[in-house]
Amino acid sequence: MTTAQVDRSTQEVENEPLLQADGVSKTFVSGTFRKHYTRALDTVTLSVPESPPTITAIAGESGSGKTTLARTVLGLVEPTSGAVIYRGANVANMSRAEHAEFRREVQVIFQDPFESYNPFYKVDHVLRTPIRRYNLASSKSEADDIVEEALRTVGLRPEETLGRHPHQLSGGQRQRVMVARAVMLKPKIIVADEPVSMVDASLRATILETLRAMNRDLGISILYITHDLTTAYQLAENIIVLYKGRVAESGSVDSVINDPTHPYTQLLVSSIPQPDPETQWGREQEARDEEDAEIAGCNFYDRCPLRMDECTVSDPPLYRTAPNRITRCYRYAESPVHLAPDLRSVFA
Amino acid sequence: MTTATAVHSPLVVKDLKVYYHTRRGPVKAVDGVSFELHRGERLGLVGESGSGKSTIALALMMAHKEPARIEGGSIVLNGSNVLDDNSEQVRLRRLSEIAMVPQGALNSLNPVMRIRDQVIDGLKDHNVSMSDGEFANRVAELLDSVGLHRDVASRFPHELSGGMKQRVSIAIAISMNPSVIVADEPTSALDVVVQKQVVQTLRDVQERIGAAAIMIGHDMGLMAQFASRIGIMYGGKIVEIGPVSNIFKNPKHPYTRLLISSLPDTRSKRRLEGIPGLPPSLLRPPPGCIFHTRCPDAMDICSQEIPPTREIDALRYAACHLYGDDDGKVVDL
């Protein structure tokens, strides 16, 4: 399984991205009589190439749109405008065969591994269902082999895992079973939506290492959705920082986290509780407490400690501050405006 | 600070045992925990799920419920054992002597009461009598002290963000100037920016009123930012406790060492190592050291004898067979 996967990913592929979110926006409507509109995602364009396999972090706080972006990319949420394209076909109106391929090749790992399980079934069930659904095995013994190999790939011993109920495994083991399930299907892309936020610290490292190995050894691209910049830094090559549905800043993860340009990213980075008593939090504050105000300009204006008058006039474009950096802030107005919509062109 | 006999330490916990009684037997969630909280200090109790940290928080507040029972030990608050109190005495000591800042993820505020009334309620419950104007002033003062606008007094909880609600909880917790504040995962479910604001607020008010604080949690980063001393919990016991900088720089217990090396940071990318194995069953804890089943340094003795707690260096205690009489004397905490 491993060799076949690697061969596929190193094959010559044309420039067309494997997966593309093309200017996707999503507005949620609530209320029966007086409609309330929430723009969760605002014209985000992002692509994942067939090769090389990449790890991209999509980071932001609650309300940033990161989960909406993940669900849109997975075809679970239909964008209000824009489209998600997989292998050249629009996910919203794919043929049955295309959709089956999409569902197999783009896998997801959710935040809470417990919720992905039916407590009455043994964990075997979680692993065997996709084998049946996608006809991955022609015999019982072949199915066993696939399950066991997938478990070993994620560092679990089959004899200690199979035959157990979900509550008999630790949170870390349950989450790794979900990674095994995803891996079994030989996906091209795994969307991991906060996969370690419910897992204890000592097990977090193992899951992140497992994801890294899936990328390195099996050629799987990973979209890592997180609120945690520390794990994003450790795992990803590139990062997209979302704020209220828009891209605030993007670029290589080292440069963005070590030298953030957007005031929002700066605020996020300075709020990281470093596990080091010598590196204490600074006292910098945001402009105001977390109140929303609707203004025409930059959507971060109400919290921005560096705001200027021009920020209220219109929304800033993305400026290309360095070859592998873009930021949506007027303080960089002397840099060229980044016109190519796809963030991929920023990533080295 | 070490001569605690002259002035009472606000809180002295000794050999505390809290078991959950299940049909399959007692689950020893807290099994012989001892620590002393010094005046004005900030202690972090850190542990993973199942380490017993939240059970300690509940027991300190005497808010544990069946099937949890305190099986032994003492909780001496301002010089007298809470376990000897009747329920009315316990009620009166909550808020006035020991107050809790609840988990960030929980909605602990009453949804149909204005913030002002919730603050005043606690005071009235403790027989504070003031004129309406004085109560209003006290509420305004408390909101000020946690960095909230006075207008918040007339709002309902649903009108506030998560961070603002947690600030209200802090304001209520300090409303009677308690000597001990217990904060159990006060920022769980809050965003990182708000988390920092809430923890800094907690720290500011704790310093201002001179209370001692215990923060309970699993995030070593938060502990490094908040605590002056931390206790590492594993399987219902404190395996190591000491000044925060010593613990991070030079952890003594193998569990502490592995826990710290598993923490990602944003300085250098490296291979992340988790701790192999599973947390112990607290229904049938392993014999000897509770950590020996996962410990890379385990020796024969570790599965046979419970390691005693030794004073390894100043104010630092660890319970591990790696250390002998040459490393530090056995202490009865």
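These numbers come from a predicted model, not from an experiment.

Calculation notes
Residues numbered from 1 in each chain as written. Chains lettered and ligands numbered in written order. Predicted model: local features only at pLDDT ≥ 70, side-chain atom pairs only at ≥ 80, totals over all residues. Pairing = 2+ DSSP bridges. Helix = DSSP H or I, 4+ residues; strand = E, 2+ residues; numbered from the N terminus. Contact = placed C-beta atoms within 7 Å. Nonpolar A, V, L, I, M, F, W, Y, C, P; charged D, E, K, R; others polar. Axes fitted to C-alpha atoms, helices over the stretch in contact; angles between N-to-C directions. Parallel < 35°, antiparallel > 145°, perpendicular 65-115°, else oblique. Left-handed = near helix turned anticlockwise from the far one by under 90°. Buried ≥ 20, exposed ≤ 12 C-beta atoms within 10 Å, placed from the backbone.

**Things to note about the pairing of strand S4 (residues 68–77) of chain B**
Regular strands place their side chains on alternate faces of the sheet.
All names here are of chain B.
No. 1: Note that strand S1 (residues 11–22) and S4 share eight bridges and pair antiparallel. Opposite Lys17, over in S4, you have Gly72 as the bridge partner.
No. 2: Bridging between S4 and strand S5 (residues 80–81) involves two bridges; their strand directions are antiparallel. Its bridge partner being in S5, Val76 is matched across the sheet by Asn81.
No. 3: Taking the residues between adjacent antiparallel strands as the criterion, S4 and S5 are bridged by two residues, where Asn78 takes a positive phi near 45°.

**Observations concerning the interface of chain B and chain A**
No. 1: With 36 residues of chain B at the interface, the matching set in chain A holds 31 residues.
No. 2: Listing elements by their share of the side of chain B that touches chain A, those giving two or more residues are helix H6 (192–209), helix H7 (220–226), helix H8 (244–249) and helix H9 (254–261) of chain B.
No. 3: Residues belonging to the side of chain B that touches chain A are distributed by class as follows: 16 nonpolar, 12 polar and eight charged.

**Details of the packing of helix H11 (residues 263–271) of chain A against H6(B)**
No. 1: Between H11(A) and H6(B), the least distance of the axes is 8 Å, while the angle of their chain directions is 50°. Comparing the axis directions of H11(A) and H6(B) gives the class oblique. Of the two possible hands of crossing, H11(A) and H6(B) adopt the one that is left-handed. Across the interface between the two elements, A:Leu267, A:Leu268 and A:Ser271 of H11(A) pack against B:Val192, B:Val193, B:Gln195 and B:Lys196 of H6(B).
No. 2: Among the residues making up the contact of H11(A) with H6(B), the classes are represented as four nonpolar, two polar and one charged.

**Notes on unusual backbone geometry**
No. 1: In this structure, A:Pro52 follows A:Ser51 across a cis peptide bond, with omega equal to 0°.
No. 2: Tracing the backbone through its elements, the reader meets A:Pro52 in the loop between strand S2 (36–48) and strand S3 (55–59).
No. 3: In this chain, B:Glu66 is followed by B:Pro67 through a cis amide linkage whose omega measures 5°.
No. 4: By the element assignment, B:Pro67 lies in the loop between helix H1 (53–60) and S4.
No. 5: Despite not being glycine, A:Thr43 has its phi angle at roughly 40°, a positive value.
No. 6: With respect to the helices and strands, A:Thr43 occurs in strand S2.
No. 7: With 16 C-beta atoms packed within 10 Å, A:Thr43 lands in the partly exposed category.
No. 8: Of note in this structure, B:Glu185 is not a glycine but carries a positive phi near 45°.

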